[in-house]
Amino acid sequence: MARLAFSTNAYTQFDLSDAVRRIADHGYDGVEILADEPHAYLPEFDAEARDALKTALDETGLDVSNVNANTTVGYYDDAPPSSFFDPTIITSDDEERAWRVDYTKRAIDLASAVGAPAVCVATGRPLPGNPPEQAREYLLDSLAEITDHAEAAGVSVGIEFEPELLVECTGEVMELVDDVGSDALGVNLDVGHAAVYGDDPAESIRQCAGNITGVHLEDIDGGLRGKHYHRIPGEGDLDFDAMFAALDDIGYDGFATLELYTYPDEPDAAAAAAIDALERYVD
């Protein structure tokens, strides 16, 4: 049976330790750590910050469900207020791609230090001048280095697919996992991303069975092919009965993490409403 966690990326108006404590107050079993500003931007996340995080985890008893390294807003002085994946592990700029590979390895080290089973990373978009076939070669090269590091650390790496990225759907992520062939590589399955692309989330779960490093939960208004805006469960049209039944069917007993970064002004209300809506599936 899955366990519920909540991502700190909803708590960007609070420091990381406060976010952890607030999430614990709502009754979650786990917490996902945002490996980016304002929480754990890794080039600036020093030993003192790591110790403060460990103290908050020890005091609350929360496990870390995942280290979320999808974005690196902290790399830029003027990043826009949106999902900002660049620099990515597929960029054609060799120096920036090497920086992002190293960043992902640092995220793996953080996961190991706090006992998290996995790190998630997105592929990013194939930008002009970097066609998909070339970007995929960069991706394979990057993942070879990342998975070597992950295997040594005993941490899994979950590719999080998303519409409009190089890897954007269930079929593509499973093809990538097969092609890389590392036991450390799997899927961080965001059910909303599956739905927005047009995949049935419950079927996506079944297709990824045995390869799921973590699950991201949110609702999507409009269901399949709905708009990509993360909503509190119950405020959209996704079938949580079917999704949790699928998780049970495949024997998934890892974390299902609420990712509600769309509620920065009311994260406590979102966390409370989400666990009220979903706790019946995990009792």
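What you see as residue numbers is a count from 1 along each chain, following the sequence as written. In keeping with the model being predicted, local features are shown solely for residues with a pLDDT of at least 70 and side-chain atom pairs are shown and tallied solely at 80 or more, while totals for entire chains, interfaces and linings include all residues. Side-chain metrics in this entry use all non-hydrogen atoms of the structure; hydrogen atoms and water are not considered.

**What to know about the overall build of the protein chain**
This is how it is decided: Under the scheme used here, helices are H or I runs from DSSP no shorter than 4 residues and strands are E runs no shorter than 2 residues, and both carry numbers assigned from the N terminus. The globule rule used here is 2.2 Å times the number of residues to the 0.38 power, and the radius of gyration it is set against is calculated over C-alpha atoms. Three labels apply to residues, based on accessible area from a 1.4 Å probe with only protein chains included: buried if under 20% of the type maximum, exposed if over 50%, partly exposed otherwise in between. Residue contacts follow a heavy-atom distance rule, with two residues in contact if any of their heavy atoms lie within 4.5 Å. Reported accessibility uses the Shrake-Rupley method at a 1.4 Å probe radius. Residues are deemed covered only where the shown protein chains occlude them.
The helix and strand tally for the protein chain stands at 9 helices and 8 strands. Taking 2.2 N^0.38 as the reference for a compact globule, 283 residues should give roughly 19 Å; the C-alpha atoms of the protein chain span a radius of gyration of 17 Å, in line with that estimate. The principal-axis extents of the C-alpha atoms in the protein chain amount to approximately 45 × 45 × 35 Å. The 283 residues of the protein chain split such that 54% are buried. Long-range contacts, defined as pairs at least 24 residues apart, comprise 77% of the intrachain contacts of the protein chain with a sequence gap of at least 6. Surface summary for the protein chain: the accessible area is close to 11500 Å², and the carbon and sulfur share equals 42%.

**With respect to helix α4 (residues 132-153)**
Each turn of an α-helix holds 3.6 residues, which means side chains three or four residues apart point in the same direction. Condition: Expected span of a helix, by definition, is 1.5 Å for each gap between consecutive residues, and there is one gap fewer than residues.
Across its 22 residues, α4 extends 30 Å between first and last C-alpha, which sits within 8% of the 32 Å expected from 1.5 Å per residue. Listed in full, the buried residues belonging to α4 are A135, Y138, L139, S142, L143, I146, T147 and A150. As for α4, its buried residues are in contact with α3 (94-114), β5 (156-159), α5 (170-180) and β6 (185-190). G154, located one to two residues past α4, shows a positive phi value of around 70 degrees.

**Comments concerning the packing of α4 against α5**
Here is the rule: Think of each axis as a best-fit line through the C-alpha atoms, taken over the contacting stretch in the case of a helix, with angles from 0 to 180 degrees between the N-to-C directions. An angle counts as roughly parallel when it lies under 35 degrees, as roughly antiparallel when it exceeds 145, as roughly perpendicular when it falls between 65 and 115, and as oblique in every other case. A crossing counts as left-handed when the near helix is turned anticlockwise from the far one by less than a right angle, and as right-handed when that turn is clockwise. Residue type decides the class: Asp, Glu, Lys and Arg count as charged, Ala, Val, Leu, Ile, Met, Phe, Trp, Tyr, Cys and Pro as nonpolar, and the leftover types, Gly among them, as polar.
Interhelical geometry of α4 versus α5 gives an angle of 60 degrees and a closest axis separation of 11 Å. Taken together, the axes of α4 and α5 lie oblique to each other. In terms of crossing hand, the pair formed by α4 and α5 is right-handed. Side by side, α4 and α5 meet where R136, L139, L140, L143 and T147 of the first sit next to E175, L176, D179 and V180 of the second. Taken together, the residues of the contact of α4 with α5 break down into 5 nonpolar, 1 polar and 3 charged.

**Some details on a negative patch on the surface**
Basically, it comes down to this: To count toward a patch, a residue needs a relative accessible area above 30% and no salt bridge. Like charges then connect within 9 Å, nonpolar side chains (Val, Leu, Ile, Met, Phe, Trp, Tyr) within 5 Å. Just to be clear on terms, a salt bridge is a Lys or Arg side-chain nitrogen sitting within 4 Å of an Asp or Glu carboxyl oxygen. Residues counted as positive are Lys and Arg, residues counted as negative are Asp and Glu, and His and the chain ends are not counted. Note that the charge is assigned to NZ on lysines, CZ on arginines, CG on aspartates and CD on glutamates.
Side chains of E37, E44, D77 and D78 sit close together on the surface and give a patch of like negative charge. By secondary structure assignment, the location of E44 is in the loop between β2 (30-34) and α2 (47-60). Its relative accessible area of 54% is what places E44 among the exposed residues.

**Re the pairing of strand β3 (residues 63-68)**
As a reminder of what qualifies: What makes two strands pair is DSSP finding at least two bridges between them. Crossovers are described as right-handed under a simple rule: with the strands pointing away from the observer, the path leading from the first strand over the helix to the second runs clockwise.
Among the 6 residues that make up β3, 5 are buried, leaving the element largely enclosed by the rest of the structure. Inspection of the sheet shows β2 paired to β3 by 5 bridges, in the parallel sense. If you follow V31 over to β3, its bridge partner there is V64. This β-α-β element, β2 to α2 to β3, shows right-handed connectivity.

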